[in-house]
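Notes for the structure review
Given next are the chains, with one letter for each unit.
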Amino acid sequence: MVNFTLMIGAELENLTNLEPQGGCDDPNFSYLFKVPFFLLHHLLLFLFLRFSYRSQFSSQVKCGRCGELSQKETCVTLNDTVPLPVGKGTTHLIQKCKFCGRDGTVTMIQGKGKPLTQEISESGKFAPLMVFDCRGYEPVDFVFRDGWKVESLEGTKFENVDLSSGEYAEYDEKGECPVMISNLRATFEVTKRPSTFRFLVFLFILEVFYP
């Protein structure tokens, strides 16, 4: 099993701390993406589309079994959960692949996100926003929409920022300077979860050497 961390980057001019309106764990912030599913005869087409027409502002997911890419954007929020078909747990998305018929789930993991600061932006790096536990699916591309907040270096707060167009521009009266968000980027990084065996070995080492 693997987790996918959504990483975002942008050029911030006289701005810092870009994040969802209610913080990185905003329960009402919508994450839009698609879920892909792969059949062998779709593989070449998928690779061509992925590398030739990769969008910075859309998100998709693919089936881990057949690899086919869903055509409709999928929306998940922390506040909306559905019961798992087996067991008593919940998840944020259950979706069936139209090609292979396999069910997949996407569960959001809180507490891992950080705002995109000017320091991170200037370094050209990305900030982690949300972690997705995907079983049977793989997220591909992310859609920047509305519902963001950011603040100027002088402390002026800009609420409900809409990033649908790929950029944002305003004027900071307190700092007497223009502010801008541009060159929005997003990527999903794979984070392998530790196996149960490794976790038990880790607990054993703690018990032996740090009683």
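Residues numbered from 1 in each chain as written. Predicted model: local features only at pLDDT ≥ 70, side-chain atom pairs only at ≥ 80, totals over all residues. Heavy atoms only, no water.

**Concerning the overall build of the protein**
The following threshold applies: Working definition: helices are DSSP H or I runs of at least four residues, strands are E runs of at least two. Numbering for both runs from the N terminus. Using a 1.4 Å probe on the protein chains alone, a residue whose accessible area is under 20% of its type maximum counts as buried, one over 50% counts as exposed, and one in between counts as partly exposed. We call two residues in contact whenever any of their non-hydrogen atoms come within 4.5 Å of each other.
From N to C terminus, the protein includes three helices and 15 strands. When each of the 211 residues of the protein is scored for burial, the buried share is 42%. Partitioning the intrachain contacts of the protein with sequence separation of at least 6 by distance along the chain shows that 72% fall at a separation of at least 24.

**Some thoughts on unusual backbone geometry**
The residue Asn 17 is not glycine, and still its phi comes out positive at about 60°. In this fold, Asn 17 is placed in strand E2 (residues 15-20). We classify Asn 17 as partly exposed; its relative accessible area is 24%. A positive phi is found at Glu 176, a non-glycine position, where the angle reads about 50°.

**Description of the packing of aromatic side chains**
Rules: Pairing of aromatic rings covers Phe, Tyr and Trp, the last counted by its six-membered ring, and requires centre-to-centre distances within 6.5 Å; plane angles under 30 degrees mean stacked, over 60 mean edge-to-face, and any other angle means tilted.
Taken as a whole, this structure holds eight aromatic pairs when the rule is applied. Where Tyr 31 meets Phe 142, the ring centres are 6.2 Å apart and the plane angle is 50°; that geometry is what we call tilted. Here the residue Tyr 31 occupies a position in strand E3 (residues 31-33), and Phe 142 occupies one in the loop between strand E11 (137-141) and strand E12 (148-152), the gap between them amounting to 111 residues. Given the relative accessible area of 0%, Tyr 31 is considered buried.

**Structural notes on the sheet that holds E2**
Let me state the cut-off plainly: For two strands to be treated as a pair, DSSP must find no fewer than two bridges joining them. Lines are fitted to the C-alpha atoms to define the axes, a helix being fitted only along its stretch in contact, and any angle between axes, read from their N-to-C directions, falls within 0 to 180 degrees.
Sheet architecture is open: three strands sit in the order E2-E12-E13, paired in antiparallel fashion. Two strands close off the open sheet at either side, each with one partner strand: E2 and strand E13 (157-161). In this sheet, neighbouring strand axes are inclined to one another by 15° on average, regardless of whether the strands run parallel or antiparallel. Bridge count for E12 against E13 is three bridges, and the pairing is antiparallel. Each residue of the ladder has a partner; that of Val 150, found in E13, is Phe 158.

**Here we look at the nonpolar core**
Let me state the cut-off plainly: By nonpolar core we mean a set of buried residues, namely Ala, Val, Leu, Ile, Met, Phe, Trp, Tyr and Cys, connected to one another through side-chain atoms within 4.5 Å.
In this structure, Leu 6, Tyr 31, Phe 132, Trp 148, Leu 163 and Ile 181 are the most contacted members of the largest nonpolar core, which totals 36 residues. Where this core is concerned, the elements lending two or more residues are strand E1 (2-13), E2, E3, strand E9 (103-109), strand E10 (127-135), E12, E13 and strand E15 (177-192). When neighbours within four sequence positions are excluded, Tyr 31 is seen to be in contact with Leu 6, Pro 20, Cys 24, Thr 74, Cys 75, Val 76, Met 108, Leu 129, Met 130, Phe 132 and Phe 142.

**Re the confidence of the model for the protein**
Cut-off, in case you're wondering: The predictor rates its confidence in each residue with pLDDT, a number between 0 and 100.
Summarising the model, the protein shows a mean pLDDT of 80, and 71% of its residues fall at 70 or more. The low-confidence segment residues 37-58, where pLDDT is below 50, has 48 contacts with residues more than four positions distant or belonging to other chains.

**Let's talk about the pattern of salt bridges**
Applied cut-off: We define a salt bridge as a side-chain nitrogen of Lys or Arg found within 4 Å of a carboxyl oxygen belonging to Asp or Glu.
With the rule as written, the count across this model stands at two salt bridges. When the shortest N-O distance is used, the salt bridge between Asp 133 and Arg 135 registers 3.5 Å. Residue Asp 133 is classed as buried on the basis of its relative accessible area of 9%. For Lys 157, the salt bridge is made with Glu 151, and the minimal N-O distance between the two is 3.7 Å.

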